[in-house]
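So the chains spell out like this:
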Number of protein chains: 2
Amino acid sequence: MPLKALDYDSINENVKKTQYAVRGELYLRASELQKEGKKIIFTNVGNPHALGQKPLTFPRQVVALCQAPFLLDDPNVGLIFPADAIARAKHYLLLTSGGLGAYSDSRGLPGIRKEVAEFIGRRDGYPSDPELIFLTDGASKGVMQMLNTIIRGEGDGVLVPVPQYPLYSAAITLLGGTLVPYYLEETANWGLDVNDLQRSVSEARRKGITLRAMVIINPGNPTGQCLSQANLREILNFCYHENLVLLGDEVYQQNIYQDERPFISSRKVLLDMGPPISKEVQLISFHTVSKGYWGECGQRGGYFEMTNIPPETVDEIYKVSSISLSPNVPAQIFMGLMVNPPKPGDISYDQYVRESQGILESLRRRARLMTDGFNSCRNVVCNFTEGAMYSFPQIRLPPKAIEAAKRAGKVADVFYCLKLLEATGISTVPGSGFGQKEGVFHLRTTILPAEEDMPAIMESFKKFNVEFMEQYEDHRGYSRM
Amino acid sequence: MPLKALDYDSINENVKKTQYAVRGELYLRASELQKEGKKIIFTNVGNPHALGQKPLTFPRQVVALCQAPFLLDDPNVGLIFPADAIARAKHYLLLTSGGLGAYSDSRGLPGIRKEVAEFIGRRDGYPSDPELIFLTDGASKGVMQMLNTIIRGEGDGVLVPVPQYPLYSAAITLLGGTLVPYYLEETANWGLDVNDLQRSVSEARRKGITLRAMVIINPGNPTGQCLSQANLREILNFCYHENLVLLGDEVYQQNIYQDERPFISSRKVLLDMGPPISKEVQLISFHTVSKGYWGECGQRGGYFEMTNIPPETVDEIYKVSSISLSPNVPAQIFMGLMVNPPKPGDISYDQYVRESQGILESLRRRARLMTDGFNSCRNVVCNFTEGAMYSFPQIRLPPKAIEAAKRAGKVADVFYCLKLLEATGISTVPGSGFGQKEGVFHLRTTILPAEEDMPAIMESFKKFNVEFMEQYEDHRGYSRM
Ligand SMILES: Cc1ncc(COP(=O)(O)O)c(C=O)c1O
Ligand SMILES: Cc1ncc(COP(=O)(O)O)c(C=O)c1O
């Protein structure tokens, strides 16, 4: 029998080579256990509402009204919706051409792209052009589209931080390009060392790879660091000299848990640098409604903004966007609301501020709780989560555990995380899914479980960890450093 | 200065080669004219709500409530929402894990995939397995993902009907595969001739192309034909003997405007055929909430169902879906509602039936109005729109018009459609965007303008056409046949 086109041995090899650990072996096992009735704490993916975070009220009111525009004529609508939500729904419906049920322009609704541009202008102090902003079904889709535009084949390389959010490794593999890793330095709070970058570049060039782009994730996933202005300048300088497009993944820009390094956008740093750099470096910045204190992951809303991209290329990107017709319209409205929230004096302002601050402050406390919790565990060290939504502790696995993993046919951190899952129901992602230095092991967990559950979760982790270490440590001399 | 990665001359060639006429030159020009204040009738894309079709009330009520779940506790909610919408919203919220703001499983919510499976089971008379159904952000995304799984490189060919909906040509080009055309026969009401198919296959094989898959669009876009059971059997037989995956684009399955050939799914025909064919032919079927009498294009909801696909391949497809985390959740709920609408006895049933029948019956009348209108025009012949949402008249362009187009540097039908646009504001898509036989010209328009506007639109078209023909016809003998 000849192979059929969708038989495993016959499909696109790049599809098979692609790895995406955030929903990989650990997640699949956790889903199985859940089906069998075990209580699972899903900390594998930054999905706040799945762990009980409540949606912000005002944006949901507005989008609900946009979904049901006939309510706007109902004399009772004012009984359950505040006047500013009603007014805002009318505003957004006017920006659509046929409500939420009509495809929008493939770049997104012009009126909402304008609101995004105004937000960016306020944030950075430099005006932004709505024509260079495309709305997307979440940041993921934007990242994939840009990589597809850049990657021409195996010889094209993209610099990606390691550890990294595996969207990047997955998309690069799927698109048939080459990932060129640069390592973040754990002992320097996951900072980025430009000398090390230079080494990665030289090595890739030696292998005949054409370097095309560099990815930064700021604040970092899974590593949680916030890049300083000085560091961003170095990176942009590097991109200028090495002729690289910078892909700035800034989806966590609202999630900052320290005051020393507030978020600063790559775009602002670039424009602050002045010519020639500010006019030359090509930059794509990504944002989303999935993160921040919104956490509206299920809506699938995002945007990318292009800086220094020539108009003919923008046209090509537009053409490719148009193949899938339009990003979903409800999430475009969430994006509009995120960049243009209620203002002081609006009826819903106080509630909006109360809700968003409540979430952010709790995340800040949880970031601290988790870091401290991990650092109190045997053979575990963990940098503080300066931003984003993750804790990424290093687990110093005893040689016996590494051997046991090998015997079980597992990478050592997968082995550890699977045992953690079976013992406690905590579903994490092994560090190997993000990349890490040889012989060093991590796991990633979100800081998203409800604050009141946090102590019990950390207790349960600690208990598991101590038992694991007891089992595998060589008590005749293995160093616990 | 060396090229930068996003300079036009430097980007992925496949991106540049890709064409997507539905939002191509004509659409861009129409958007410009609209900006300048001209009234444009956008019939370039099947986007019913953009042309005034009202959304169905019940599904919008349910999704609005799901967006604003706090309303479910409001004592006044019953004043503006019917009890069955409230109950259904509660049902769907229970199927999510954290409401609309949480990423779902990357295949979509299990509970909704179950509802889809039940719908397919009722429709076809054969049970369907929810594990083989993946929800997507519109059918487009599903089609692209499946083509990405199938296409390994230039040597891989996909049989695509010509004329075709250009999603297929665009995606195949972007993915670096080869489109192998097979022609639909206009004089046989756009039917498909298996002998002609065989010729296309032999020719492609002679060129060294490995044929992997065949696309059918039923009901057809842009051609509007409905395939008969006999025709579908022939196609499946052909796929069996030629070892091709069948991609069955059935997004217009609700849009049928004649009674001789009701919609019948490829899957039903396949399973009716019995072994070995029913067990061997690999089939992917696509559906959407964008079309039918729903027309919820802006929500971006769809699914694909897999038949005879081995589990290891399904796992690979799942893995790739997981890179973009999850399809948007609100549209998943629209999909649930579409496959499981109100039932007799439900409070909202009568309204639901009234609204959907109203839309369908009007579409049927409009299909007739348009066909008749076109056929009453000089040098225009048009098959009846048996299904889908388009009219695809052939325009017999006089040689002088073809020459004038050449002088203007335009394909002749683009030339005609641009003049139509400038003269009347009617934004159509030239037949060349879908593919057509050499020397034959068409345009595609949707049948979606409001019924009451239809006579004026057809009048305006007729007037333009007659003037165009007057201008370019050689009155000394050009045949009007
Ligand atoms: C660094 C980073 N970028 C992008 C995304 C994608 O987010 P979305 O597609 O939901 O906008 C995520 C999601 O976790 C992320 O962590
Ligand atoms: C034949 C066909 N397939 C697929 C689609 C895509 O629809 P959507 O992505 O909105 O589900 C369309 C849209 O017009 C179509 O005509």
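Worth saying up front: this structure is predicted, and the values here are computed from it rather than measured. (Residues numbered from 1 in each chain as written. Chains lettered and ligands numbered in written order. Predicted model: local features only at pLDDT ≥ 70, side-chain atom pairs only at ≥ 80, totals over all residues. Heavy atoms only, no water.)

On to the site of ligand 1, then. In the region of ligand 1, 15 residues are neighbours, and A:Ser140, A:Asp249, A:Tyr252, A:Thr288 and A:Ser290 sit closest. Chain contributions to the surroundings of ligand 1 come from chains A and B. In the model, an oxygen atom of ligand 1 is placed 2.5 Å from a nitrogen or oxygen of the A:Thr288 side chain. For ligand 1, the protein covers 99% of the area, taking 390 Å² as the surface of the free molecule. Among the residues forming the shell around ligand 1, the class breakdown is seven nonpolar, five polar and three charged. (Near = heavy atom within 4 Å. Polar contact = N/O pair within 3.5 Å; in protein donor to acceptor, adjacent residues only side chain to side chain. Areas by Shrake-Rupley, 256 points an atom, 1.4 Å probe, with all protein chains shown as cover. Nonpolar A, V, L, I, M, F, W, Y, C, P; charged D, E, K, R; others polar.)

Around ligand 2, the surrounding shell holds 15 residues, and the nearest of these are B:Ser140, B:Asp249, B:Tyr252, B:Thr288 and B:Ser290. The environment of ligand 2 is shared, with nearby residues belonging to chains A and B. The contact in question runs from an oxygen atom of ligand 2 to an N or O atom on the backbone of B:Ala139, over 2.6 Å. Measuring from a nitrogen atom of ligand 2, one finds a side-chain N or O atom of B:Asp249 at 2.6 Å. Protein contacts shield 100% of the accessible area of ligand 2, which totals 400 Å² for the unbound molecule. Partitioning the shell around ligand 2 into residue classes produces seven nonpolar, five polar and three charged.

All names here are of chain A. Across chain A, the average pLDDT comes to 95, with 99% of residues at 70 or higher. The model gives residues 477-481 a pLDDT under 50, and that stretch makes 10 contacts with residues more than four places away or in other chains. Note on the complex model: pTM 0.96, ipTM 0.95. (pLDDT = per-residue confidence, 0-100. Contact = heavy atoms within 4.5 Å.)

Our focus in this paragraph is the sheet that holds strand β15 (residues 443-446) of chain B. All names here are of chain B. Read across the sheet, three strands follow the order β11-β15-β14 without closing on themselves; strand pairing throughout is antiparallel. Edge positions in the sheet fall to β11 (390-391) and β14 (429-430), since each has one partner strand and no second. By the bridge criterion, two bridges tie β11 to β15 in an arrangement that is antiparallel. Its bridge partner being in β15, Ser391 is matched across the sheet by Thr445. Contacting β11 and β15, helix α15 (residues 349-375) runs over the sheet at an angle of about 150 degrees to β15. (Pairing = 2+ DSSP bridges. Helix = DSSP H or I, 4+ residues; strand = E, 2+ residues; numbered from the N terminus. Axes fitted to C-alpha atoms, helices over the stretch in contact; angles between N-to-C directions.)

Residue and element names in this part refer to chain A. The domains assigned to chain A are domain 1 (8-39 + 357-472) and domain 2 (94-339). Counting from both sides, the interface comprises 32 residues of domain 1 and, opposite them, 36 residues of domain 2. Overall, the association of domain 1 and domain 2 removes approximately 2,900 Å² of surface from exposure, summing both partners, and the carbon and sulfur fraction of that is 55%. Two residues, Arg364 and Asp259, come together in a salt bridge whose shortest N-O distance is 2.9 Å. Here domain 1 is connected to domain 2 by 18 residue pairs in polar contact (both at pLDDT 80 or more). (Domains from an automatic or database assignment. Buried area = accessible area lost by both parts, 1.4 Å probe. Salt bridge = Lys/Arg side-chain N within 4 Å of Asp/Glu carboxyl O.)

As a further point, take the sheet that holds strand β11 (residues 390-391) of chain A. All names here are of chain A. Strand order in the open sheet formed by three strands is β11-β15-β14, and the pairing between neighbours is antiparallel. Since the sheet does not close on itself, it has two edges, and those belong to β11 and β14 (429-430), each with one partner. Helix α15 (residues 349-375) contacts β11 and β15 (443-446) of the sheet and is inclined by roughly 150 degrees relative to β15.

On to the relation of the copies chain A and chain B, then. Rotating chain A by 180 degrees and translating it 0.0 Å along the rotation axis places it on chain B, where the RMSD comes to 0.0 Å. Such values leave the two copies arranged in the relation of a two-fold axis. Residue A:Ala64 of chain A places its C-alpha closer to the rotation axis than any other residue of that unit, at 2.1 Å. Take the interface residues of chain A: 100% of them recur as interface residues in chain B, which is what a same-surface contact looks like. (Least-squares fit on C-alpha atoms with pLDDT ≥ 70 in both.)

With that settled, consider the packing of helix α7 (residues 139-150) of chain A against helix α13 (residues 311-323) of chain A. Residue and element names in this part refer to chain A. Between α7 and α13, the shortest axis-to-axis distance is 11 Å and the interhelical angle comes to 125 degrees. As the angle between them shows, α7 and α13 are arranged oblique. α7 and α13 meet at a crossing whose hand is right-handed. In contact with Gln145, Met146 and Thr149 of α7, α13 contributes Ile317, Val320 and Ser321. (Parallel < 35°, antiparallel > 145°, perpendicular 65-115°, else oblique. Left-handed = near helix turned anticlockwise from the far one by under 90°.)

Attention shifts here to the UniProt feature "domain: Aminotransferase class I/classII large" (unreviewed entry) in chain A. On the UniProt side, "domain: Aminotransferase class I/classII large" (unreviewed entry) is annotated at positions that read residues 84-450 of chain A here. As annotated, residues 84-450 of chain A has a helix share of 43% and a strand share of 16%, and its two end C-alpha atoms lie 31 Å apart. (UniProt positions renumbered as here; feature names shortened; annotations may be inferred.)

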